[in-house]
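# Fold and contact review
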Amino acid sequence: MSSYDPQNIFAKILRGEIPCIKLHEDEHTLAFMDIMPQTEGHALVIPKEPAVTLFELSDAAAAACMATVRKIGNAQKKGLGADGVVLMQLNGPGAGQTVPHFHIHVIPGSLADLRKPHATHMADTAHLKTLAEKIIAAL
Ligand code: 5GP
């Protein structure tokens, strides 16, 4: 079992110590824009429960994440006109996970978009906010 580092970047976002472009929040989950998106509208869904990978996450938190993923994916389809939504979820450094707080990537686009480099180019914040507004309007 991986030990949880409360100083990881997503824990800081959950505590409000660093900003994010928020899409949706409820009792158990938070959804926000990825700052190094692989496609236009790339979002992340995280549980509030501290867990590094799926293998430490409770069933209840996993279910809450999937409910939020469904909300965000539907809003990406409606708000951005995405005709496909890819989910990606990496467990452990061996899989390429870079932030050690469980998260699901919700990526409007196709499998071909995932072949582009992962988490490499910072997007323009104003542009991310414009995309976020379209997603939020469709929630
Ligand atoms: P992983 O590689 O762990 O599956 O994905 C981590 C994701 O978090 C990457 O897609 C990366 O772009 C994103 N990311 C890293 N740091 C931050 C941050 O400070 N804010 C936001 N919104 N996303 C981040």
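Up top is the structure.
Residues numbered from 1 in each chain as written. Predicted model: local features only at pLDDT ≥ 70, side-chain atom pairs only at ≥ 80, totals over all residues. Heavy atoms only, no water.

Let's shift gears to helix H4 (residues 125-137). With 13 residues, H4 should cover 18 Å at 1.5 Å per step; its first-to-last C-alpha distance of 18 Å lies within 8% of that length. Of the surrounding secondary structure, the elements contacted by the buried residues of H4 are strand E1 (22-25), strand E2 (29-33) and helix H2 (59-80). (Helix = DSSP H or I, 4+ residues; strand = E, 2+ residues; numbered from the N terminus. Expected span 1.5 Å × (residues − 1). Contact = heavy atoms within 4.5 Å.)

Here we take up a nonpolar patch on the surface. Where nonpolar side chains cluster on the molecular surface, the patch consists of Met 66, Val 85 and Leu 87 and spans about 230 Å² of accessible area. Following the sequence through the fold, Met 66 ends up in helix H2. With a relative accessible area of 39%, Met 66 lands in the partly exposed category. (Patch = residues over 30% accessible without salt bridge, like charges linked within 9 Å, V, L, I, M, F, W, Y side chains within 5 Å. Areas by Shrake-Rupley, 256 points an atom, 1.4 Å probe, with all protein chains shown as cover. Salt bridge = Lys/Arg side-chain N within 4 Å of Asp/Glu carboxyl O. Buried < 20%, exposed > 50% of the residue type's maximum accessible area, 1.4 Å probe, protein only.)

It is worth spelling out the site of the ligand at this point. Within the structure, the ligand sits among 18 residues, and Asp 34, Thr 98, His 103, His 105 and His 118 are positioned closest to it. A distance of 3.5 Å separates a nitrogen atom of the ligand from a polar backbone atom of Ile 35. Between an oxygen atom of the ligand and a main-chain N or O atom of Val 99, the distance comes to 3.0 Å. Within the complex, 93% of the 520 Å² of free accessible area of the ligand lies under protein. Broken down by secondary-structure element, the contributors of at least two residues to the shell around the ligand are helix H1 (9-14) and E2. Among the elements that take part in the shell around the ligand, H1 stands out by supplying three residues, more than any other. Class assignment for the residues of the shell around the ligand results in eleven nonpolar, six polar and one charged. (Near = heavy atom within 4 Å. Polar contact = N/O pair within 3.5 Å; in protein donor to acceptor, adjacent residues only side chain to side chain. Nonpolar A, V, L, I, M, F, W, Y, C, P; charged D, E, K, R; others polar.)

Taken by themselves, the reported measurements are silent on function.
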